Amino acid sequence: MRAILIINGTDFSPYLRSGGLQQTEIPRQGRSVVALDGTAYREEIIKRGLSVGLIDMKDTEWRRMLEALCDRPVQARYMDDRMGDVTKAFYVTGPTAAAQAVRGGHTYFTGGSFELEEK
């Protein structure tokens, strides 16, 4: 299964670092009831969370990635662990990166990362 991450038409896939696309389940609107016989009944809505880590990149590439994250909520196409190739709307949290070095007129950024939570 090939990792795919396309956000608002911008392909982030080539910029994912090794282990840079982690998926989690986010429970929302959970309800539980315990019947008189002691049986617990639970229902909840599960949404998807994505944690994205990027490789080191030039300032021009980093700005292009940030542009794709500006129109929120974003439309992200990715390879889901269970459902395969899907497109969903996500909220974006904390795009961050640190300026690492300036070489040849370009600033290189390291540690680029952000979180996505399904709408």
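Residues numbered from 1 in each chain as written. Predicted model: local features only at pLDDT ≥ 70, side-chain atom pairs only at ≥ 80, totals over all residues. Heavy atoms only, no water.

(A) Here's a closer look at the packing of aromatic side chains. Tallied over the full model, the rule gives 3 aromatic pairs. Between Tyr78 and Phe90 the ring centres are 5.7 Å apart and the planes differ by 70°, which places this aromatic pair in the edge-to-face class. Within this pair, whereas Tyr78 is found in strand β6 (residues 74-80), its partner Phe90 is found in strand β7 (residues 84-103), the two being separated by 12 residues in sequence. For Phe90, a relative accessible area of 0% corresponds to the buried category. Just above the ring of Tyr108 sits the side chain of Arg103; from NZ or CZ to the centre is 4.2 Å. (Phe/Tyr/Trp six-rings, centres within 6.5 Å; stacked < 30°, edge-to-face > 60°. Helix = DSSP H or I, 4+ residues; strand = E, 2+ residues; numbered from the N terminus. Buried < 20%, exposed > 50% of the residue type's maximum accessible area, 1.4 Å probe, protein only. Lys NZ or Arg CZ within 6 Å of the ring centre and 35° of its normal.)

(B) Main features of the pattern of salt bridges. Under the criterion given, the structure shown has 7 salt bridges. Where Arg28 meets Glu117, a salt bridge forms, and the shortest distance between an N and an O atom there is 2.8 Å. Within this pair, whereas Arg28 is found in strand β3 (residues 16-34), its partner Glu117 is found in strand β8 (residues 106-118), the two being separated by 89 residues in sequence. For Arg28, a relative accessible area of 25% puts it in the partly exposed group. Glu118 is the partner of Lys47 in a salt bridge, and the nearest nitrogen-oxygen pair spans 4.0 Å. Of this pair, Lys47 sits in strand β4 (residues 40-54) while Glu118 sits in strand β8; the two residues are 71 residues apart in sequence, bridging distant segments of the chain. Salt bridges linked by common partners bring Lys47, Lys88 and Glu118 together as one network. (Salt bridge = Lys/Arg side-chain N within 4 Å of Asp/Glu carboxyl O.)

Functional significance is not addressed by these values, which are geometric in nature.
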